[in-house]
Amino acid sequence: MKNFKRYLLLSLLSLCLFISGCGEQPTVESVIADGAEEFGQGKTEQDQPFISSEQLLNNLITEYSDSRSDPTGYQMSDDEADKVRREAKKDADGDTSEDGSSGGTSGADPSDGGGSEDTVETVASHQDLKDLMHEMLDGTEEVESFRVDGGYQVTTDEILSAYRELERDDPMDVHSVGSFSYGGNPIVTLKLNYDLDVDLLIQMKEETRGLLKQAESQINVDGLSQYEIVCAVNDYLCDTIVYPASEPYPAETHTPHSALKDGSAVCDGYAKTAKLMLNDFGVECDFIIGTCTNGGGHAWNLVKLDGEWYHMDVTWNDGGAQWDKNARTAYLLVTDQYMLQSRTWDAGLYPASAAKAYKKGPENHF
């Protein structure tokens with residue numbers, strides 16, 4: 001009994017001491033929230049003893065990667081390329097006859113020894129190829145032929161590189177190419193195979209600009225700094241877009257159209273929409289692709305503030321919030337070093353980030 005009373009007295013004394021200092025002692029919840037906030041501001045996992053950032057990171061990699069992929073491509077034989085070119089010419093001329101004739105006029109084909117090679121464009125550099133492909137993608141064209149000159153060689157890697165650069169430059173019009181093929185001599189024919197019906201894709205592109213303006217009207221940027229605009233766009237996209245529940249992901253979800261109209265997008269749909277909105281608001285924003293540590297393709301953004309670049313992954317900000325509300329800013333304006341915890345990318349193609357994560361304040365940095 002005496003031991004029990006002594007134990008009770010010590011317990012009451014400890015409770016009084018705890019209560020007397022409660023104004024200065026943080027709660028478990030506040031400690032966890034502070035840790036999550038620091039994680040969101042660019043701290044490394046090793047700095048977070050109170051929140052399982054490794055678990056959050058693994059969840060994000062598992063759930064929100066492997067949705068972005070490049071078009072596949074191959075080189076056609078000369079005969080196959082000539083056939084594709086003739087069929088495209090027949091479609092363009094409205095010719096439905098098997099021999100390619102139309103009324104009494106024969107459509108001469110330079111690859112068959114007739115006509116003039118001057119009727120097709122000349123591609124003599126990577127930039128020429130990009131320009132030609134941009135025209136195709138802007139017009140949702142499926143087949144284009146051109147003559148190669150100046151020792152330039154068209155390869156699968158050259159076409160894929162041009163597509164990636166155009167996707168980065170113009171996410172409004174450049175998307176939805178599932179595969180491509182090319183070939184032919186002396187005339188090269190390039191065929192793009194879209195993931196969506198061409199007529200539907202044309203309609204979607206026509207609607208996207210209006211949908212973008214409608215979305216932008218929902219964000220009042222008057223008087224906001226560029227930092228605050230970035231935060232507002234991140235919040236808006238997290239509030240209005242949902243990542244598809246299961247694979248296979250619909251082809252539309254890779255587009256800004258689906259993000260803005262249907263509220264459904266995978267990583268490149270999020271990132272392309274973020275780029276379009278921030279660029280319209282006067283904030284310099286880039287589109288970046290890479291590979292997560294599980295081998296899955298992924299897309300996100302680089303944002304330029306105060307002359308320096310920072311990473312922003314809206315997909316992971318949105319997805320991470322289901323495990324911790326503070327994770328909505330976990331990948332907002334952070335560094336190369338921070339992002340390398342979860343992914344790699346071709347650093348030679350993109351600007352290097354600032355050394356420290358961005359933080360609002362007089363000095364803007366830690």
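Right above here is the structure, for reference.
Draft legend 1. How the structure looks around the sheet that holds strand 5 (residues 143–148). Read across the open sheet, the five strands follow the order 1-6-7-5-4; overall the sheet is mixed. Single-partner strands in this sheet number two, and they are strand 1 (72–75) and strand 4 (121–123). The sheet shows a mean angle of 30° between the axes of neighbouring strands, taken without regard to direction.

Draft legend 2. Geometry of the packing of helix 7 (residues 198–216) against helix 10 (residues 267–280). Contact geometry for helix 7 and helix 10: axes closest at 11 Å, N-to-C directions at 65°. The angle between helix 7 and helix 10 places the two elements in the roughly perpendicular class. Between helix 7 and helix 10 lies a crossing of right-handed hand. For the pair helix 7 and helix 10, the contacting residues are Arg209, Leu212, Lys213, Ala215 and Glu216 in the first and Leu276, Met277 and Asp280 in the second. When grouped by side-chain class, the residues that make up the contact of helix 7 with helix 10 number four nonpolar, no polar and four charged.

Draft legend 3. Structural context of the pattern of salt bridges. Taken as a whole and judged by the stated rule, the model has 13 salt bridges. Measuring nitrogen to oxygen at the nearest pair gives 2.5 Å for the salt bridge that ties glutamate 167 to arginine 68. Of the two residues, glutamate 167 is situated in helix 6 (residues 156–169) and arginine 68 in the loop between helix 3 (53–63) and strand 1; the sequence distance between them amounts to 99 residues. With respect to class, glutamate 167 is no different from arginine 68; both count as buried. Between arginine 168 and aspartate 286 there is a salt bridge, and its shortest N-O distance comes to 2.7 Å.

Scoring rules and cut-offs
- Residues numbered from 1 in each chain as written.
- Predicted model: local features only at pLDDT ≥ 70, side-chain atom pairs only at ≥ 80, totals over all residues.
- Heavy atoms only, no water.
- Pairing = 2+ DSSP bridges.
- Helix = DSSP H or I, 4+ residues; strand = E, 2+ residues; numbered from the N terminus.
- Axes fitted to C-alpha atoms, helices over the stretch in contact; angles between N-to-C directions.
- Parallel < 35°, antiparallel > 145°, perpendicular 65-115°, else oblique.
- Left-handed = near helix turned anticlockwise from the far one by under 90°.
- Contact = heavy atoms within 4.5 Å.
- Nonpolar A, V, L, I, M, F, W, Y, C, P; charged D, E, K, R; others polar.
- Salt bridge = Lys/Arg side-chain N within 4 Å of Asp/Glu carboxyl O.
- Buried < 20%, exposed > 50% of the residue type's maximum accessible area, 1.4 Å probe, protein only.

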